Amino acid sequence: MANITSIAEAFFDACETGQGWSGCSEYCTPDATFAAQAEPLAGVTTLEGYCEWMKGLLTFVPDGKYDLKSFATDTERASVCAYAVFHGTHTGEGGPLPPTGKSTATDYVYVMTFEGDKIHHMTKIWNADWALRELGWTA
């Protein structure tokens, strides 16, 4: 089996730095799926869609960055989990509201499941309500 840990690390960095699908696709199956139980991602069902969503997010949260806290590989189940904290301030145009100047520091987890040496599904676990309130997007 390929080193899924290094593949997952490369994907994680590409995705979290806003490289979009063009920077992430080499680590994924073409039909890779995506799931999250978070309202802002309700309609996103493909990993391509999520990678593009992250790219878009970083246009209105231009200082967005991650602080990786843990990375774990389960070779028996061909999956890798990444736990990080996203930090960013809503200062850019193009978001759901005009820039609020507010910041967030929000925890999230990626669970990446592999098919051979490619990610074929990813689930994001994220408290979107917390992040949106911190950015001033909800009451």
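Residues numbered from 1 in each chain as written. Predicted model: local features only at pLDDT ≥ 70, side-chain atom pairs only at ≥ 80, totals over all residues. Heavy atoms only, no water.

### Some thoughts on the side chain of K124
Structurally, K124 can be placed in strand β5 (residues 118-126). An unpaired buried charge is present at K124: no salt bridge exists, and E16, the closest side chain of opposite charge, is 5.3 Å distant. A distance of 2.8 Å separates polar atoms of two side chains, one belonging to K124 and the other to Y50. Not counting chain neighbours up to four residues away, the residues in contact with K124 comprise F34, A35, A36, Q37, L41, Y50, W53, M54, Y108, V109 and Y110. (Helix = DSSP H or I, 4+ residues; strand = E, 2+ residues; numbered from the N terminus. Buried < 20%, exposed > 50% of the residue type's maximum accessible area, 1.4 Å probe, protein only. Lys, Arg positive; Asp, Glu negative; His and termini not counted. Salt bridge = Lys/Arg side-chain N within 4 Å of Asp/Glu carboxyl O. Polar contact = N/O pair within 3.5 Å; in protein donor to acceptor, adjacent residues only side chain to side chain. Contact = heavy atoms within 4.5 Å.)

### Some thoughts on the environment of G64
Here G64 is to be found in the loop between α3 (47-60) and β2 (65-74). Residue class for G64 comes out buried when judged on its relative accessible area of 18%. Separated by 41 residues in the primary sequence, G64 and A105 place their C-alpha atoms 9.7 Å from one another. Here G64 is in contact with L58, F86, H87 and G88, once residues within four sequence places are set aside.

### Comments concerning the packing of helix α1 (residues 4-16) against α3
The interhelical angle for the contact between α1 and α3, taken along N-to-C directions, is 45°, at an axis separation of 8 Å. By the angle class used here, α1 and α3 are oblique. For the pair formed by α1 and α3, the contact residues are F11, C15 and E16 on the first element and L47, Y50, C51, M54 and L58 on the second. When grouped by side-chain class, the residues that make up the contact of α1 with α3 number seven nonpolar, no polar and one charged. (Axes fitted to C-alpha atoms, helices over the stretch in contact; angles between N-to-C directions. Parallel < 35°, antiparallel > 145°, perpendicular 65-115°, else oblique. Nonpolar A, V, L, I, M, F, W, Y, C, P; charged D, E, K, R; others polar.)

### As for the pattern of salt bridges
Counted by the stated rule, this structure contains two salt bridges. Put simply, D67 and K69 hold a salt bridge, and the shortest N to O gap is 2.9 Å. Take K69: its relative accessible area is 48%, and that puts it in the partly exposed class. In this structure, D74 and R77 form a salt bridge, with 2.8 Å as the shortest nitrogen-oxygen distance.

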